[in-house]
Amino acid sequence: MAHGVETAHHAEEEYTTTGLNHRKLLMWVFLGSDCMFFGALIATYMVYRGQSLNGPYPIDIINVPVTTISTFVLLCSSFSMVQALAATNKNDQRGIKIWLLATAFLGAIFIGFQVVEFNTFKNEGLTLGANLFGASFFTLTGFHGAHVTLGIIWLLGMFVLAVKGRVGPATALDVEILGLYWHFVDIVWIVIFTLLYLIGGFDAGPAPASGG
Amino acid sequence: MSSSHQEGQQGHHPTFKQYVLVATILFAITIVEFLLIWPRAGVVDSLGYSKIPLLAILSAIKFAIVIAFYMHLKFDHRLFTWVFLAGLFLAFGVGVALLTLFLSLGGEPRAYALERAIPYDEHAVELAKEKAKERAAEAAEATPMPTEPAPDATPAEAMADTPTQASEPASKPAGLDGQEIFLGSGGCGACHAVDGVSQGLVGPDLSHLGTEAASRKPGTSAEDYIFESIRDPQAFVATGVDRAIPGIMTAAVTAGLSDDEVNALVDFLLAQK
């Protein structure tokens, strides 16, 4: 812990014009821009919704119950992330390690669900190039999965630092910024889950063309 | 400000109990959302389209709770909130603008899609069976035809027939109009274009198949090639043909057509020079 205080690289009296920490503000600006990134992908999905000319259609393959479970897993990981930050603030070294690892583990389970889902879809004939549904679905959920994967790597990196005893109140901001990123990934999934699964998951294909 | 300032704000951070409460609320909302749309819960039918605003509101609440408490924006400096909301509103604006743009086309893209849609393979097989049944019923009612269409022709049986034997133009019964089948029961025109007959854009243009067919498959006559391409489309896919995409056109799509009908189609297509 003492080591952690010494290596705290953000000076106590860092001068900023806003009076706010630069890195934290940067993370919030990044999250704002990431909103636009996902906003564009989500809007694209919604515009192309129901426009596919051939199957598989969402109702043929989307599994809402299974994805509800993976949504729970991601919500749990947000809770454990909050606990990791609380433990950091309290300098609870054991808690830091447990909650960071738990968060990474839950994130990995979510990614596991997604890998199985993508593989199932592929076997059912839905690929990136199969139809508009496949293209917009995989682009959106794939980029979300990439965000989660990056978050897992970040969490594991923080866990390694925690094992070395270099995470504590002095570096709480590092954990806080990581937490902001992780929770953002969670809220993006809240939106994706609602639009692609709860609302769009029962979309059937167009009625077969009558008599050609 | 500095990290010492962050620590100074500890009093504002939610306690463990409050975090558990927040997590419980998030879980509860997710369960309610799931029950709203899961058919076996029995509420989705009575909700109709009102489920969409309901789900949107519930998700927005979840979204706000995570930001306010987990990301403790509620307890943090306002500038963070504004920076994030700026991005969020821009994203929302882009989405609304894009959807408005598409919806203001008066539903044309949807109609366009519907006209040219190819049913998912499973649906196609069912549809073909239904059509075959209908045709059998019609044939039984109508005046006796020289040959009755085989209602139970499965793709396997059809493929078992060697095309060379079955495709003798001489075996074509009178009274079957290839163009009628092309546009009607066969449904070919939905995907294939033929000058002056159909405008399908999904599959290859068949306007000049009569002149092109002979050179498509080495060692196979134009008739045999077209017959095989209808009966078992994936047996041989010619190279260098626009929109010849394997996987869309399968034997299941044409399983409902009798050999006589396929022969009528072959004659019709051979005439497209």
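Refer to the structure above for everything that follows.
Residues numbered from 1 in each chain as written. Chains lettered and ligands numbered in written order. Predicted model: local features only at pLDDT ≥ 70, side-chain atom pairs only at ≥ 80, totals over all residues.

Looking now at the overall build of chain A. Summing up its helical and strand segments, chain A has 7 helices and 0 strands in all. When the helices and strands of chain A are listed from N to C terminus, the series reads α-α-α-α-α-α-α. Within chain A, buried positions represent 47% of all 212 residues. Contacts in chain A between residues at least 24 apart in sequence constitute 85% of all its contacts with a sequence separation of at least 6. (Helix = DSSP H or I, 4+ residues; strand = E, 2+ residues; numbered from the N terminus. Buried ≥ 20, exposed ≤ 12 C-beta atoms within 10 Å, placed from the backbone. Contact = placed C-beta atoms within 7 Å.)

The next point concerns unusual backbone geometry. Backbone geometry at A:Asn91 places phi at a positive 55°, although glycine is not the residue there. With respect to the helices and strands, the residue A:Asn91 is situated in the loop between α4 (64-89) and α5 (93-123). Phi at B:His72 is positive, roughly 35°, even though this residue is not glycine.

Take the environment of B:Ala56 next. Residues and elements named next belong to chain B. On the secondary structure map, Ala56 appears in helix α4 (residues 51-70). With 15 C-beta atoms counted inside 10 Å, the residue Ala56 sits in the partly exposed group. With 23 residues separating them along the chain, Ala56 and Glu33 place their C-alpha atoms 9.7 Å apart.

Within soluble globular proteins, side chains that are nonpolar generally end up buried alongside one another. With 74 residues, the main nonpolar core has A:Ala84, A:Leu100 and A:Met158 as its most contacted residues. Put simply, the parts of the chain that give this core at least two residues each are α2 (22-48), α4, α5, α6 (132-163) and α7 (172-199) of chain A together with α2 (16-37), α4 and α5 (78-103) of chain B. With 18 residues, α7(A) is the largest single contributor of residues to this core. Counting residues in hydrophobic clusters, the runner-up holds 21 residues, among them B:Cys188, B:Val194, B:Val262 and B:Ala264. (Core = buried A, V, L, I, M, F, W, Y, C linked by C-beta atoms within 7 Å.)

Glancing now at the environment of B:Leu47. All names here are of chain B. Here Leu47 is to be found in helix α3 (residues 44-47). Along the sequence, Leu47 and Leu36 sit 11 residues apart, while their C-alpha atoms lie 8.2 Å from each other. Every residue in contact with Leu47, bar those within four places of it in the chain, is listed here: Leu36 and Leu54.

With that settled, consider the packing of α2(A) against α7(A). Residues and elements named next belong to chain A. Look at α2 against α7: their axes get within 11 Å of each other, and the N-to-C directions meet at 15°. By the angle class used here, α2 and α7 are roughly parallel. Where α2 crosses over α7, the handedness of that crossing is right-handed. Contact residues: Arg23, Lys24, Met27, Leu31, Asp34, Phe38, Ile42, Tyr45 and Met46 in α2; Leu173, Ile177, Leu180, Tyr181, Phe184, Val188, Val191, Leu195 and Leu196 in α7. (Axes fitted to C-alpha atoms, helices over the stretch in contact; angles between N-to-C directions. Parallel < 35°, antiparallel > 145°, perpendicular 65-115°, else oblique. Left-handed = near helix turned anticlockwise from the far one by under 90°.)

Shape is all these values report; function is a separate question.
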